[in-house]
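Structural features, examined
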Amino acid sequence: CGIYAGDWDSYKDFAAVFDPIIQEYHGISADAKHTSDMDVSKLKGNVNPKAPVHSTRIRVGRNIDGFGLSAGITQQQRVDVEKLFKSASKKFSGDLAGDYYPLTGMDEKVRQQLVDDHFLFMSGDPNLKVGGMERDWPEGRGIFHNNEKTFLVWVNEEDQFRIISMQKGGDVKGVFERLVKAIDTVG
């Protein structure tokens, strides 16, 4: 059970519905303000390297102003978002360099490798289906990963971009640094 906004204006136009749900879900007051702080220098300390941490993953969702959100995005907007990302991903270099794999026309060997790596998002989530987010599947969707497989971007899965930084062990600061570097790279 859930609720989805078709676009940014929905949060304002239907605030009487959205606000109480968001406040209860996140445990916040009505006057709370969202803040985003991507300043790596503010991270002090790290996970004890002797702690039995298998892996660390930090992920964020991002959407582009002017395009519908996943429940309201048009087929053309989804294709345009994918084109924008393909172009922006060419800016990734060094440890962020990698390849983009569109779901449409994906080679079976590539698909199987992405499944084996637990990277590939799949069709079939009942909530996404009911919310209209799997329309035109798989067009306009894909996945980018860097060569080291420590940085991923899912394009048009639930958010327009699901940006994921991860690696083995508990180096939270290193994982966060990579995430911030990637976001800064594509602006």
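In this text the structure is predicted, and so the values were computed from the model without any measurement.

**Thoughts on the packing of aromatic side chains**
Scanning all chains against the criterion turns up 11 aromatic pairs. Plain terms: the ring middles of Trp 8 and Tyr 11 are 5.6 Å apart, the flat faces sit at 50° to each other, and that makes the pair tilted. Here Tyr 11 and Trp 8 lie together in helix 1 (residues 8-13), a separation of three residues that amounts to about one turn. Of the residues examined, Tyr 11 reaches a relative accessible area of 30% and is grouped as partly exposed. Aromatic pair Phe 85 and Tyr 100: ring centres 5.7 Å apart, planes at 55°, arrangement tilted. Residue Phe 85 is located in helix 3 (residues 75-88), and its partner Tyr 100 is located in strand 2 (residues 98-102); the two are separated by 15 residues in the primary sequence.

**Quick word on the environment of Ser 93**
Mapping Ser 93 onto the fold places it in the loop between helix 3 and strand 2. Residue Ser 93 is classed as partly exposed on the basis of its relative accessible area of 48%. Measuring from C-alpha to C-alpha, the distance between Ser 93 and Ala 182 comes to 9.6 Å, with 89 residues separating the pair along the chain.

**Regarding helix 3**
Between the first and last C-alpha of helix 3 there are 20 Å, a value that for 14 residues agrees with the 20 Å anticipated at 1.5 Å per step. Residues of helix 3 that are buried include every one of Gln 77, Arg 78, Val 79, Val 81, Glu 82, Phe 85 and Ala 88, and no others. Looking at the buried residues of helix 3, the elements they touch are strand 2, strand 3 (142-146), strand 4 (151-155), strand 5 (161-168) and helix 6 (172-186).

Parameters and conventions
- Residues numbered from 1 in each chain as written.
- Predicted model: local features only at pLDDT ≥ 70, side-chain atom pairs only at ≥ 80, totals over all residues.
- Heavy atoms only, no water.
- Phe/Tyr/Trp six-rings, centres within 6.5 Å; stacked < 30°, edge-to-face > 60°.
- Helix = DSSP H or I, 4+ residues; strand = E, 2+ residues; numbered from the N terminus.
- Buried < 20%, exposed > 50% of the residue type's maximum accessible area, 1.4 Å probe, protein only.
- Expected span 1.5 Å × (residues − 1).
- Contact = heavy atoms within 4.5 Å.

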